[in-house]
Amino acid sequence: AAYPATYCIRFDTNINQGNRSIIINVTQSWAPLGANHLYDIINSQFYSVPSAFFRVVPNFVLQFGISGSPAQNTIWKTPIRDGSLSRTLPDRSIL
């Protein structure tokens with residue numbers, strides 16, 4: 001499969017009972033295995049049903065990864081290999 005060099009994902013949420021969007025910009029060359037895996041998951045409708053965000057630190061990190069569909073979780077349960085990173089993010093320690 002051919003993967004895009006960059007892509008953008010929008011998750012619509014109801015965080016704090018409001019309608020909010022979370023935008024993720026992905027650069028495939030920074031982490032090819034992870035970016036390609038995420039692209040495949042998104043296009044499989046993995047997140048087409050309500051799903052949970054587990055850890056949110058504003059302007060720093062968002063942790064997610066479990067579909068609201070048990071059938072989708074079964075399909076995608078095989079871990080991906082660790083890949084080498086071509087770029088690291090700056091250290092943003094939380095005080």
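See the structure shown above.
Now for a look at the structure at hand. Residue indices follow the written sequence of each chain, beginning from 1 at its first position. Only residues with pLDDT of at least 70 are given local features in this predicted model, and only at 80 or more are side-chain atom pairs given and counted; all residues enter the totals for whole chains, interfaces and linings. As a rule here, side-chain values cover all heavy atoms of the structure and leave hydrogens and water aside.

## A short note on the overall build of the chain
Numbering goes from the N terminus for both helices and strands, where a helix is a DSSP run of H or I of at least four residues and a strand is a run of E of at least two. Across its full length, the chain carries 2 helices and 4 strands. When its helices and strands are written in sequence order, the chain yields β-β-α-β-β-α. Between buried and exposed lies partly exposed: a residue is buried under 20% and exposed over 50% of the maximum accessible area for its type, with that area taken using a 1.4 Å probe on protein chains only. Here the chain holds 95 residues, and the buried ones make up 19% of them. Using the Shrake-Rupley algorithm and a 1.4 Å probe, accessible areas are obtained, with residue cover drawn only from the displayed protein chains. For the chain, the exposed surface amounts to about 7400 Å²; the carbon and sulfur share of it is 54%.

## What about the pattern of salt bridges?
When their charged atoms lie close together, side chains carrying opposite charge are able to pair. Each reported salt bridge corresponds to a side-chain nitrogen of Lys or Arg within 4 Å of a carboxyl oxygen of Asp or Glu. Considering all chains together, one arrives at 1 salt bridge under this definition. Among the salt bridges present, the one from Arg-10 reaches Asp-12, with a minimum N-O distance of 2.8 Å. For the pair formed by Arg-10 and Asp-12, the shared burial category is exposed.

## Focus: the nonpolar core
Only buried residues count toward a nonpolar core. Its members are Ala, Val, Leu, Ile, Met, Phe, Trp, Tyr and Cys residues joined through side-chain atoms within 4.5 Å. Core analysis: the biggest nonpolar cluster contains 11 residues, these being Tyr-7, Ile-9, Phe-11, Ile-22, Ile-24, Val-26, Ala-35, Leu-38, Ile-41, Phe-46 and Tyr-47. Elements with a contribution of two residues or more to this core: strand S1 (6-13), strand S2 (20-27) and helix H1 (32-43). The criterion used for residue contact is that any of the two residues' heavy atoms lie within 4.5 Å. Once residues within four sequence positions are removed from consideration, Ile-22 is found in contact with Ile-9, Arg-10, Phe-11, Thr-13, Ile-15, Phe-53 and Leu-62.

## Quick notes on H1
Any helix carries an expected span of 1.5 Å times its number of residues minus one. Its 12 residues give H1 an end-to-end C-alpha distance of 16 Å, which sits within 8% of 16 Å, the value for a rise of 1.5 Å per residue. Every buried residue of H1 is listed here: Ala-35, Asn-36, Leu-38 and Ile-41. Close packing links the buried residues of H1 with S1 and S2. Within two residues after H1, Gln-45 carries a phi angle of roughly 70 degrees, on the positive side.

## Focus on the pairing of S2
When DSSP finds two or more bridges between a pair of strands, those strands are recorded as paired. The pairing of S1 with S2 spans 8 bridges and is antiparallel. Considered in S2, the bridge of Arg-10 is made with Ile-23. Following S1, the chain reverses through 6 residues before pairing antiparallel with S2; Asn-16 in that reversal takes a positive phi of roughly 50 degrees.

## Focus on the pairing of strand S3 (residues 53-57)
Relative to strand S4 (residues 61-64), S3 runs antiparallel, the two sharing 4 bridges. By the bridge assignment, Phe-53 is partnered in S4 with Phe-64. Between S3 and S4, which follow one another and run antiparallel, lie 3 residues, and Asn-59 among them has a positive phi close to 60 degrees.

## Side note on the side chain of Gln-72
Within the secondary structure, Gln-72 is located in helix H2 (residues 70-75). The buried category is assigned to Gln-72, whose relative accessible area is 15%. Aside from chain neighbours lying at most four places away, what touches Gln-72 is Ser-44, Gln-45, Phe-46 and Ser-67.

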